[in-house]
Amino acid sequence: MKDIKVVQYGCGKMSKYIMRYVREKGGIVVGAIDSNPEIIGHDIAEIIECEETGITITSNEEAEELLQEVNPDIVIVTTMSLIEDVKEALLLCAKLGISAITTCEEAFYPMNSNPGITREIDELAKKNNCTITGSGYQDAYWGNLITTLVGTSAHVTKIKGSSSYNVEDYGIALAEAHGAGLTLEEFEEKIAKNDNISEEERQSQIESGTFMPSYMWNVNGWLCDKLGLHVLKQTQKCVPMTHTQDIHSDTLQMDIKAGMATGMSAIVTTETEEGITLETECIGKVYADTDCDRNVWTIVGEPETTMVIERPQTVELTCATIINRIPDVLRSDAGFIPTSQMGELDYLK
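Here's what I pulled together on the structure shown here. (Residues numbered from 1 in each chain as written. Predicted model: local features only at pLDDT ≥ 70, side-chain atom pairs only at ≥ 80, totals over all residues. Heavy atoms only, no water.)

Within the largest apolar cluster, 79 residues are counted, with the highest numbers of intra-cluster contacts made by Ile 76, Trp 142, Ile 159, Trp 297 and Ile 323. Once you skip the residues sitting within four places of it in the chain, Ile 323 turns out to touch Met 1, Ile 18, Tyr 21, Val 22, Lys 25, Ile 76 and Leu 348. Within the second largest apolar cluster, 28 residues are counted, among which are Val 77, Leu 92, Cys 93 and Ala 100. (Core = buried A, V, L, I, M, F, W, Y, C linked by side-chain atoms within 4.5 Å. Buried < 20%, exposed > 50% of the residue type's maximum accessible area, 1.4 Å probe, protein only. Contact = heavy atoms within 4.5 Å.)

Right, here's the structure in full:
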């Protein structure tokens, strides 16, 4: 990581840790980009909470000019959760021949949810000899740790996982994508009904780039790719989460009334040619006082093995994973390359 030049694209909650970790590992933050007029022109020191750096935040409109000027080794994109929403940033990097890594959850394995955009980014990145990928918390805790457990099994019939996280930690876009703050009727209309469709309709949405995947949709694709499994069928169902008392959301700047959606549980089921079923659930919601992050995975077979991680610091783990993946990205083949094809995570000293 020493002397690797980094541009931070998106200066929200995640960037505080990412830019600090880059500097602590010997990397150099040479630029930062955001759309928020309240922070544009400000020194990144205000986000990192350090001494003045001389690096000020540039507006999205001037992103291309900045990237050409500072010529970074890699861009870290921490803005939105859907590949459609980070497409502009990733295509800009691919156009300029600059590698990029993003926390965008769909970008973890977007070829099974939006192959059109993925191909577009892949072709431009190959043309200009750079690598684009998605990583974060799921790279380890929904990915490599799980495939390692499978590797300790004699026989496997099912991979079952559940992970919960507080949408308050990730900003307004993620909270809204989980339906937080909606009435149950609004949740049904805006989120749940999208999954009440036939396989043919879902495939049509995937091909047209209009499908809305839950996080585990892409995780299951990543796991199958890493394990060499061939998908026969994949479905998802989104269910609203509620609470018996009002909960205040700082991110949404509202009180979520009792009985309204605080977020959702998304369950993805994948059937494979090899007879292994993946049944995975992510629960993202505005937490009540008694809630906490939890990650539980069971490998069903011989032997049956369960891994439980209580109270993982999901934000910090996401950011540290991004930093530790950077050397893999820089030595990878050109194109859109999922981390399932980059080997195991290593610790950057």
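Here we take up the pattern of salt bridges. Evaluation of the coordinates by the stated rule reveals 17 salt bridges. One salt bridge in this structure joins Glu 24 and Arg 20, with 2.8 Å as the shortest N-O distance. You can see Glu 24 and its partner Arg 20 sitting in helix H1 (residues 13-24), four residues apart, about one turn around the helix. Residue Glu 24 is classed as exposed on the basis of its relative accessible area, which comes to 52%. Notably, a salt bridge pairs Lys 257 with Asp 246, separated by 3.6 Å at the nearest N-O pair. With Lys 257 in the loop between strand S10 (254-256) and strand S11 (263-272) and Asp 246 in the loop between strand S8 (231-241) and strand S9 (247-249), the pair connects residues that are eleven residues apart, well separated along the chain. It is possible to trace a salt-bridge network through shared partners that takes in Asp 139, Arg 325, Asp 328 and Arg 331. (Salt bridge = Lys/Arg side-chain N within 4 Å of Asp/Glu carboxyl O. Helix = DSSP H or I, 4+ residues; strand = E, 2+ residues; numbered from the N terminus.)

So, on to the environment of Met 80. Along the polypeptide, Met 80 turns up in the loop between strand S4 (74-77) and helix H4 (83-96). For Met 80, a relative accessible area of 33% gives the class partly exposed. Taking the C-alpha atoms as reference points, Met 80 and Ala 173, 93 residues apart in sequence, are found 6.6 Å from one another. Setting aside anything within four residues of it in sequence, one finds Met 80 in contact with Asp 85, Val 86, Cys 104, Glu 105 and Ala 173.

As a further point, take the packing of helix H6 (residues 137-150) against helix H11 (residues 314-330). Remark: H6 packs on H11, axes separated minimally by 6 Å, with the N-to-C direction vectors making an angle of 95 degrees. The angle between H6 and H11 places the two elements in the roughly perpendicular class. Touching Tyr 137, Asp 139, Tyr 141 and Asn 144 of H6 are Thr 314, Leu 317, Thr 318, Thr 321 and Arg 325, all from H11. In the contact of H6 with H11, the residues fall into three nonpolar, four polar and two charged. (Axes fitted to C-alpha atoms, helices over the stretch in contact; angles between N-to-C directions. Parallel < 35°, antiparallel > 145°, perpendicular 65-115°, else oblique. Nonpolar A, V, L, I, M, F, W, Y, C, P; charged D, E, K, R; others polar.)

Attention now goes to the sheet that holds strand S3 (residues 57-59). Within the open sheet, the seven strands sit side by side as S3-S2-S1-S4-S5-S6-S15. Their pairing is parallel. Only two strands of the sheet have a single partner each, and these edge strands are S3 and strand S15 (335-336). Sheet topology note: the strand S5 (residues 99-102)/strand S6 (residues 131-134) ladder contains three bridges and is parallel. Bridging across to S6, Ala 100 finds its partner in Ile 132. (Pairing = 2+ DSSP bridges.)

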